[in-house]
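# Topology and contacts: notes
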Amino acid sequence: MTENSSDVRILAIESSCDETAAAVVKNGREVLSNIIYSQIATHTMYGGVVPEIASRKHIEKIKQVVESALKEADMTLEQVDAVGVTYGPGLVGPLLIGVSAAKALAWAADKPLVGVNHIEGHVAANFIASPELEPPFVCLIVSGGHTHLVVVEDYGVFRILGRSRDDAAGEAFDKVARSVGLGYPGGPKIDAKAKEGNPDAIQFPQAKVRESAYDFSFSGLKSAVLNYQNHAKMTGEEINVADLVASFQKAVVDVLVEHTVAAAHEYGFRQVAMAGGVASNSALRNAMKTRCEREGIRLFYPPPVLCTDNAAMIGSAAYYEYIAGNRSGWDLNAVPGLKLGER
Ligand code: KG4
Ligand code: ZN
């Protein structure tokens, strides 16, 4: 590893939901370590994330995860240039654990503290995966908590074109998976099960909003899936779960692809990126790839481990905040409802 005095190495912490994560990232693009302790096994027992349990697990694991991240990067705390941390959006208890830990570490080692917006972190995962990617580009952000279609005008500068009016895309996957007994988290379970099914078996309504070109709405689709199941139950018909989830997934994917490509054309961008947990969905990746290739658009998406929650993406976003001169005070607090682009 060649060292340069202008290199910026950031220790980043992520704890907004059910992953306790720490990473060391160099110059926003190079991952020196990326440690993720997933609490999924614990929350699976309850069918979803239990905030109090998540907080407790974060407390138990955060020190160990940070130590592992430094060790794997072969660095001491004194050698990092700054400490980055997710301060919102997310669950307040879990966020507070990460923010408190980051403050303590930054204070003790006399390092600058850089608060990061979790959604902006998801977008930044693309900068790690694709070193050649620079703004501007269109980005589809699809996670468990958020669904946004944006133009990334510059690092940390976003223009929101559309968003979900109700459930987030990942939330819809999780709810539908629960309704058919596939368990939590639903996205990966549906992704796998849908491979055995026929996506054209059932015609579900698309997740569109009639009066808006770029907004999404998943609640009508979710209700249609539930109604289909209730109807089958009443009439004694057997449901083919693989066909059902494949058809649901297609209804989601079609609208995500359609809106994203339409936005790229309307605003004249030849680069499109995807971010967030749902961006690891294989049907979405395939459909977006096929469509973008056909339309001469360059598509970027991170590997699955950087799509779902991780601290490397926070380290990348923190780097761009850091070089822009943005620092957080010791009064940095968790902001559960932090909006995209808000500082
Ligand atoms: O980005 P993320 O890890 O956390 C949030 O910030 O919300 O996203 C988690 C969401 C969950 O709803 C999960 O079901 C969904 O991403 N997800 C997927 C897949 N992998 C994760 N959805 C569809 N297909 C997948 N392969
Ligand atoms: Zn996330």
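Above this text is the structure in question.
Let me begin by describing the structure that accompanies this report. Since the model is a prediction, treat every value here as computed from it, not as a measurement.

## Considerations on the packing of aromatic side chains
- Using the criterion set out here, one finds 10 aromatic pairs in the structure.
- Ring centres of phenylalanine 127 and phenylalanine 137 lie 6.0 Å apart, and the angle between their planes is 80 degrees; on these two criteria the pair is classed as edge-to-face. Taken as a pair, phenylalanine 127 in helix H4 (residues 118-129) and phenylalanine 137 in strand S6 (residues 137-142) lie far apart in primary sequence, 10 residues in all.
- By relative accessible area, phenylalanine 137 is classed as buried at 0%.
- Ring plane angle 75 degrees and centroid distance 5.3 Å describe the contact between phenylalanine 173 and phenylalanine 248, whose orientation is recorded as edge-to-face. Here phenylalanine 173, found in helix H5 (residues 169-179), pairs with phenylalanine 248, found in helix H8 (residues 241-267); they are 75 residues apart in sequence, far enough to count as distant.
- An aromatic cluster is built from Phe127, Phe137, Tyr155, Tyr319 and Tyr320, whose rings are joined through pairwise contacts.
- The ring centre of tyrosine 37 lies 4.7 Å from the NZ or CZ of lysine 61, which sits over that ring.

## Examining the pairing of strand S3 (residues 30-38)
- Note that strand S2 (residues 19-26) and S3 share eight bridges and pair antiparallel. Paired with glutamate 19 across the two strands is serine 38, which belongs to S3.
- Between S2 and S3, which pair antiparallel in sequence order, lie three residues; one of them, asparagine 27, sits at a positive phi of approximately 50 degrees.

## Examining the nonpolar core
- In terms of nonpolar packing, the biggest core is built from 48 residues, with Phe204, Phe248 and Leu284 touching the most fellow members.
- Elements that contribute at least two residues to this core include exactly S6, strand S7 (147-154), H5, helix H6 (186-194), helix H7 (219-235), H8, strand S9 (271-275) and helix H9 (282-294).
- Setting aside residues no more than four positions away along its own chain, phenylalanine 204 makes contact with Leu221, Ala224, Val225, Tyr228, Leu244, Ser247, Phe248 and Ala251.
- Core analysis: the next-biggest nonpolar cluster, separate from the first, contains 36 residues, Val25, Phe127, Ala273 and Ala311 among them.

## Structural notes on the site of ligand 1
- Around ligand 1, the structure places 20 residues, and the nearest of them are His122, Gly144, Asp174, Gly187 and Asp191.
- Taking histidine 118, its side chain carries an N or O atom lying 3.1 Å from an oxygen atom of ligand 1.
- In this structure, aspartate 309 approaches ligand 1 through a main-chain N or O atom, which is 3.1 Å from an oxygen atom.
- Burial of ligand 1 by the surrounding chains reaches 88%, relative to a free accessible area of 550 Å².
- Breaking the shell around ligand 1 down by element, the ones donating at least two residues are H4, H5 and H6.
- Among the elements that take part in the shell around ligand 1, H6 stands out by supplying four residues, more than any other.
- A class-by-class count of the residues in the shell around ligand 1 yields four nonpolar, 13 polar and three charged.

## A closer look at the sheet that holds strand S4 (residues 82-88)
- The strand order across the open sheet formed by five strands is S3-S2-S1-S4-S5, and the pairing between neighbours is mixed. In this open sheet, the two strands that pair with only one neighbour each are S3 and strand S5 (113-117). Averaged over neighbouring strand pairs, the angle between their axes works out to 20 degrees when direction is ignored.
- The pairing of strand S1 (residues 9-14) with S4 spans four bridges and is parallel. Residue pairing across strands places leucine 11 opposite valine 83, the latter belonging to S4.
- Across the sheet, helix H2 (residues 51-72) is in contact with S1, S2 and S3; its angle to S2 comes to roughly 25 degrees.
- Across the face of the sheet, helix H11 (residues 312-323) comes into contact with S1, S2, S3, S4 and S5 while running at roughly 125 degrees to S1.

## Topic: the pattern of salt bridges
- The full count for this structure, using the stated rule, is 19 salt bridges.
- A salt bridge links glutamate 196 to lysine 193; the nearest nitrogen and oxygen atoms lie 3.2 Å apart.
- By relative accessible area, which is 58% here, glutamate 196 ends up exposed.
- Its relative accessible area of 26% is what places lysine 193 among the partly exposed residues.
- With a shortest N-O distance of 2.8 Å, arginine 291 and glutamate 295 are connected by a salt bridge.

Conventions used here
- Residues numbered from 1 in each chain as written.
- Chains lettered and ligands numbered in written order.
- Predicted model: local features only at pLDDT ≥ 70, side-chain atom pairs only at ≥ 80, totals over all residues.
- Heavy atoms only, no water.
- Phe/Tyr/Trp six-rings, centres within 6.5 Å; stacked < 30°, edge-to-face > 60°.
- Helix = DSSP H or I, 4+ residues; strand = E, 2+ residues; numbered from the N terminus.
- Buried < 20%, exposed > 50% of the residue type's maximum accessible area, 1.4 Å probe, protein only.
- Lys NZ or Arg CZ within 6 Å of the ring centre and 35° of its normal.
- Pairing = 2+ DSSP bridges.
- Core = buried A, V, L, I, M, F, W, Y, C linked by side-chain atoms within 4.5 Å.
- Contact = heavy atoms within 4.5 Å.
- Near = heavy atom within 4 Å.
- Polar contact = N/O pair within 3.5 Å; in protein donor to acceptor, adjacent residues only side chain to side chain.
- Areas by Shrake-Rupley, 256 points an atom, 1.4 Å probe, with all protein chains shown as cover.
- Nonpolar A, V, L, I, M, F, W, Y, C, P; charged D, E, K, R; others polar.
- Axes fitted to C-alpha atoms, helices over the stretch in contact; angles between N-to-C directions.
- Salt bridge = Lys/Arg side-chain N within 4 Å of Asp/Glu carboxyl O.

Coordinates in, geometry out; function isn't part of it.
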